[in-house]
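# Descriptive structure summary
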Amino acid sequence: MFDVLFDQASDGQRYLDWLMSGLGWTLALAFFGWWIAFAVGILVGVGRTVEIRSVALLARLYVEIFRNIPVLVQMFLWYFVLPEILPAAAGHWLKQLPPPWGSFLPALACLSFYTASRVAEQVRAGIEALPKGQAEATRALGLSSVQAYRLVILPQALRLIVPSLTSEVMAIYKNTSVALTIGLLELTAQARQVSEETFQTFAAFGAATLAYLTLALVAYGLMTLVDRRFHIPGPAQRSRPRYGRLRTAKEA
């Protein structure tokens, strides 16, 4: 079924090489996009919980705008509209970027800021899930707001939201396929090219499907390891060994 992928393409490469090239751009887009989204999402999520109303309002405005506009529309805005509203020199520079950078950078910005809006809500939920005594204890210790978030509140909140962040990590890999609409030859775009040249649609998109599935499983496995490493034990988990020791003592 996948034998066609080892045939020679019109440019002298194998069709499998086309898919591997697309996979490389998919990985680059997802990897760098995730870390940008994670950093921005933390800042915006913290901004959603601070007591300064103007900061909280701006953070909420960011989330509502980027989370509620479809990612496809945002991709077009970054690619077609942004160069027109930037200063002339900056817009001209962006338009003149050679491929694939002319498509990669707008796609990276789109996925980063879109995913950041979703991460921000996860961070906000994690912070609000913490007992209020945590924030009160930081004030009693004389910590500033920055120190309280950096040393006490944020580390605990991030450990709580690792399971929910797993879905965001997996989603950004899938959302990279939207970049084909602005000309980035990522995995889905390359699979479409293979399909159009060989008319072997099942083989082309079947291979792409397996690649996406593999990426999702790897991301899930890595996030599971992170969750186990930084998991905060619950009361039941802490008490279970103690009850076991009491029962053994009575039997003795």
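Everything numeric in this text was worked out from a predicted model, so none of it was measured. (Residues numbered from 1 in each chain as written. Predicted model: local features only at pLDDT ≥ 70, side-chain atom pairs only at ≥ 80, totals over all residues. Heavy atoms only, no water.)

Here we take up the UniProt feature "domain: ABC transmembrane type-1" (unreviewed entry) in the protein chain. Within the UniProt annotation, "domain: ABC transmembrane type-1" (unreviewed entry) is assigned to residues 23-223. This span, residues 23-223, is 83% helix and 0% strand, and a straight line between its end C-alpha atoms measures 21 Å. (UniProt positions renumbered as here; feature names shortened; annotations may be inferred. Helix = DSSP H or I, 4+ residues; strand = E, 2+ residues; numbered from the N terminus.)

Bringing unusual backbone geometry into the picture now. Here Pro 99 and Pro 100 are connected by a cis peptide whose omega angle stands at 0 degrees. Examined against the element boundaries, Pro 100 turns out to sit in the loop between helix H4 (88-95) and helix H5 (101-129). Residue Phe 199 is not a glycine yet carries a positive backbone phi of 60 degrees. Position of Phe 199 among the secondary structure elements: in the loop between helix H9 (187-198) and helix H10 (201-230). Look at Phe 199 and you get exposed, because its relative accessible area is 71%. (Buried < 20%, exposed > 50% of the residue type's maximum accessible area, 1.4 Å probe, protein only.)

Together, Leu 72, Val 73, Phe 76, Leu 77, Phe 80, Val 81, Ile 85 and Leu 86 make up an exposed nonpolar region whose accessible area comes to about 660 Å². Judged by its relative accessible area of 36%, Val 81 is partly exposed. (Patch = residues over 30% accessible without salt bridge, like charges linked within 9 Å, V, L, I, M, F, W, Y side chains within 5 Å. Areas by Shrake-Rupley, 256 points an atom, 1.4 Å probe, with all protein chains shown as cover. Salt bridge = Lys/Arg side-chain N within 4 Å of Asp/Glu carboxyl O.)

Right, let's talk about the side chain of Ser 117 for a bit. Here Ser 117 is to be found in helix H5. Within the structure, Ser 117 has its side chain in polar contact with the backbone oxygen of Tyr 114 (distance 2.5 Å). With near-sequence residues (within four places) excluded, Ser 117 lies in contact with Tyr 62, Val 63, Phe 66 and Arg 67. (Polar contact = N/O pair within 3.5 Å; in protein donor to acceptor, adjacent residues only side chain to side chain. Contact = heavy atoms within 4.5 Å.)

This part takes up helix H3 (residues 71-85). For H3, with 15 residues, the first-to-last C-alpha span of 20 Å sits near the 21 Å given by 1.5 Å per residue. Trp 78 marks the point of greatest bend in H3, at about 35 degrees. All of the buried residues along H3 are Val 71, Gln 74, Met 75 and Pro 83. Of the surrounding secondary structure, the elements contacted by the buried residues of H3 are helix H2 (53-68), H4 and H5. (Expected span 1.5 Å × (residues − 1). Bend = angle between axes of the 7 residues up to and from the residue.)

A few words now on the packing of aromatic side chains. Applying the stated rule across the entire model yields 12 aromatic pairs. Arranged with centres 5.3 Å apart and planes meeting at 85 degrees, the rings of Phe 31 and Phe 32 form a pair that is edge-to-face. Relative accessible area serves as the criterion here: at 45%, Phe 31 is assigned to the partly exposed category. Three or more aromatic residues joined by ring pairs make a cluster, and in this case those are Tyr 62, Phe 66, Trp 78 and Phe 113. Sitting over the face of the ring of Phe 230, Arg 229 holds its NZ or CZ atom 5.0 Å from the ring centroid. (Phe/Tyr/Trp six-rings, centres within 6.5 Å; stacked < 30°, edge-to-face > 60°. Lys NZ or Arg CZ within 6 Å of the ring centre and 35° of its normal.)

Moving on to the packing of helix H1 (residues 15-47) against helix H8 (residues 162-175). Running from N to C, H1 and H8 point in directions that differ by 140 degrees, and their axes come no closer than 8 Å. Taken together, the axes of H1 and H8 lie oblique to each other. Handedness of the H1/H8 crossing: right-handed. In contact with Thr 26, Leu 27, Ala 30, Gly 33, Trp 34 and Phe 38 of H1, H8 contributes Leu 165, Glu 168, Val 169, Ile 172 and Tyr 173. Considering only residue class, the contact of H1 with H8 consists of eight nonpolar, two polar and one charged. (Axes fitted to C-alpha atoms, helices over the stretch in contact; angles between N-to-C directions. Parallel < 35°, antiparallel > 145°, perpendicular 65-115°, else oblique. Left-handed = near helix turned anticlockwise from the far one by under 90°. Nonpolar A, V, L, I, M, F, W, Y, C, P; charged D, E, K, R; others polar.)

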